[in-house]
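Coordinates in review
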Amino acid sequence: MTDKPRGLIFDGALIPGVMAGTVKVTSRLIKRANPKHGEPAGAIHPARESGWIAWWPGNGAGLADFTKRTYEHGFPCPFRVGERRYLKEAWNIDLGSCGDKDAIGYKVDGAVAFWDGEQLEPAAEPEINWNLVSGGLAETGWRSPMLMPRWAARTWIEFTAVRPARCQEITREEILASGIVMDPSGAWCQGSDTRCYETSRDAYAALWERLNKARGYPWSANLWEWRCAFRTVTPCR
């Protein structure tokens, strides 16, 4: 039995890059290796059969001994190479606004698509936007990305590589593939976000802080994350 595709939330400033195929890396915190009240794991290694094993200094075995042991199973990674996910974003719906079709609006760019119960079709003309179609419904606010169903998603990705890594151990190429871009002035920004930074690494560190610090996971702790490479693919329902 095939698992139903799951959604994945991206920061709004990065969504245009994911859609265009220029954002190709996302990093997600490994909570099992980053306790809020303690030090992060010293190392993570694959288990013999499935999953991953985290090692902490002082747990009774040195790192050399730890790497020689054969652990059969470990904690799972929630992302798999070849797995497809749909991008969850802020959205809204106007039921029956176009005859037998529902209009779906997307906050990040105001774009519109039409759902007929089986297929999702983007608006044929670029000037057709959510304010025009919804007749003022845009003023009532947007629905949370958490509530976006699979059929309303316009963007899908497929994972091509997944590995554990510490957040500060990231290459410049991975930073750029994560959505950090240079603006016309030579400053570095987080996708379509207008805040600018002196270096690409500063911009990436600020992105990490914005997404994780309030949850108790600051950049300075050099925490573990799943470093996921992906490609944008044709939507599947």
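Up top is the structure.
Structure report, in brief. Small disclaimer: the values here were computed from a predicted structure and weren't measured.

1. Let's talk about the overall build of the protein
Helix and strand counts for the protein come out as five helices and 14 strands. Taking all 237 residues of the protein together, the buried fraction comes to 42%. In the protein, the share of contacts with a sequence separation of at least 24, taken over all contacts with a separation of at least 6, comes to 63%. For the protein, the computed accessible surface area is about 12,800 Å², with 53% contributed by carbon and sulfur atoms.

2. Topic: the sheet that holds strand 11 (residues 180-182)
Within a sheet, each strand pairs with its neighbour through backbone hydrogen bonds, oriented either parallel or antiparallel. An order of 11-12-13 is seen for the three strands of this open sheet, with the pairing classed as antiparallel. In this open sheet, the two edge strands, each paired with only one partner strand, are strand 11 and strand 13 (196-197). Bridging between strand 12 (residues 188-190) and strand 13 involves two bridges; their strand directions are antiparallel. Residue cysteine 189 lies in a different strand from strand 13, and its bridge partner there is cysteine 196.

3. Remarks on the sheet that holds strand 1 (residues 6-9)
Taking strand neighbours across the sheet as the criterion, the five strands line up as 1-5-10-14-2 in an open arrangement whose pairing is mixed. Of all strands in the sheet, those bounded by a partner on one side alone are strand 1 and strand 2 (25-29). The average angle at which neighbouring strand axes cross in this sheet is 45 degrees, direction not considered. Of the strand pairs in this sheet, strand 1 and strand 5 (residues 84-88) are connected by four bridges, and their pairing is parallel.

4. Notes on the packing of aromatic side chains
Per the counting criterion, the structure on display carries eight aromatic pairs. An angle of 70 degrees between the planes, with centres 5.7 Å apart, marks the rings of phenylalanine 10 and phenylalanine 230 as edge-to-face. Of this pair, phenylalanine 10 sits in the loop between strand 1 and helix 1 (15-20) while phenylalanine 230 sits in strand 14 (residues 224-233), and the two are 220 residues apart along the sequence. Seen in terms of ring centroids, tyrosine 204 and tryptophan 219 are 5.8 Å apart; in terms of plane orientation they differ by 75 degrees. Their pairing is edge-to-face. Of this pair, tyrosine 204 sits in helix 5 (residues 200-212) while tryptophan 219 sits in the loop between helix 5 and strand 14; the two residues are 15 residues apart in sequence, bridging distant segments of the chain. Overall, tryptophan 219 belongs to the buried group, its relative accessible area being 14%. Through a chain of ring-to-ring contacts, the aromatic side chains of Trp52, Phe75 and Trp226 assemble into a single cluster. Over the face of the ring belonging to tryptophan 91 we find arginine 143, whose NZ or CZ atom lies 5.2 Å from the ring centre. Taking NZ or CZ as reference, arginine 154 lies 4.2 Å from the ring centre of tyrosine 106, over its face.

5. Overview of the layout of surface pockets
By volume, the largest pocket is sized at about 630 Å³. Around the largest pocket, the lining comprises 26 residues; the ones closest to its centre are Ser27, Arg28, Leu29, Asn212 and Arg215. Where the lining of the largest pocket is concerned, the elements lending two or more residues are strand 1, strand 2 and helix 5. Considered class by class, the residues forming the lining of the largest pocket number 16 nonpolar, five polar and five charged.

6. Quick notes on the environment of glycine 82
Structurally, the position occupied by glycine 82 is in the loop between helix 2 (63-68) and strand 5. The partly exposed category is assigned to glycine 82, whose relative accessible area is 42%. Each C-alpha atom, one on glycine 82 and one on alanine 161, is 8.4 Å from the other, the two residues being 79 residues apart in sequence. Contact partners of glycine 82, with chain neighbours within four places excluded, come to Glu158 and Phe159.

7. What about the pattern of salt bridges?
This structure, assessed with the given rule, holds twelve salt bridges. Between glutamate 83 and arginine 85 there is a salt bridge, and its shortest N-O distance comes to 2.7 Å. Here glutamate 83 and arginine 85 have matching classes, each one buried. A single network of salt bridges, built from pairs that share partners, joins Arg163, Glu174, Glu225 and Arg227.

8. Brief notes about the environment of glycine 12
By the secondary structure assignment, glycine 12 is in the loop between strand 1 and helix 1. Counting along the chain gives 179 residues from glycine 12 to glycine 191, while the straight-line C-alpha distance between them is 8.8 Å. Among residues more than four places away in sequence, those in contact with glycine 12 are Val108 and Ser192.

Rules behind the numbers
Residues numbered from 1 in each chain as written. Predicted model: local features only at pLDDT ≥ 70, side-chain atom pairs only at ≥ 80, totals over all residues. Heavy atoms only, no water. Helix = DSSP H or I, 4+ residues; strand = E, 2+ residues; numbered from the N terminus. Buried < 20%, exposed > 50% of the residue type's maximum accessible area, 1.4 Å probe, protein only. Contact = heavy atoms within 4.5 Å. Areas by Shrake-Rupley, 256 points an atom, 1.4 Å probe, with all protein chains shown as cover. Pairing = 2+ DSSP bridges. Axes fitted to C-alpha atoms, helices over the stretch in contact; angles between N-to-C directions. Phe/Tyr/Trp six-rings, centres within 6.5 Å; stacked < 30°, edge-to-face > 60°. Lys NZ or Arg CZ within 6 Å of the ring centre and 35° of its normal. 1 Å grid on protein atoms, 1.4 Å probe; cavity = no way out; pocket = protein on both sides within 12 Å on 5 of 7 lines; lining within 4 Å. Points joined across faces, edges and corners; volume = space filled by probe spheres on them. Nonpolar A, V, L, I, M, F, W, Y, C, P; charged D, E, K, R; others polar. Salt bridge = Lys/Arg side-chain N within 4 Å of Asp/Glu carboxyl O.

Take it as geometry only, folks, not as evidence of what the structure does.
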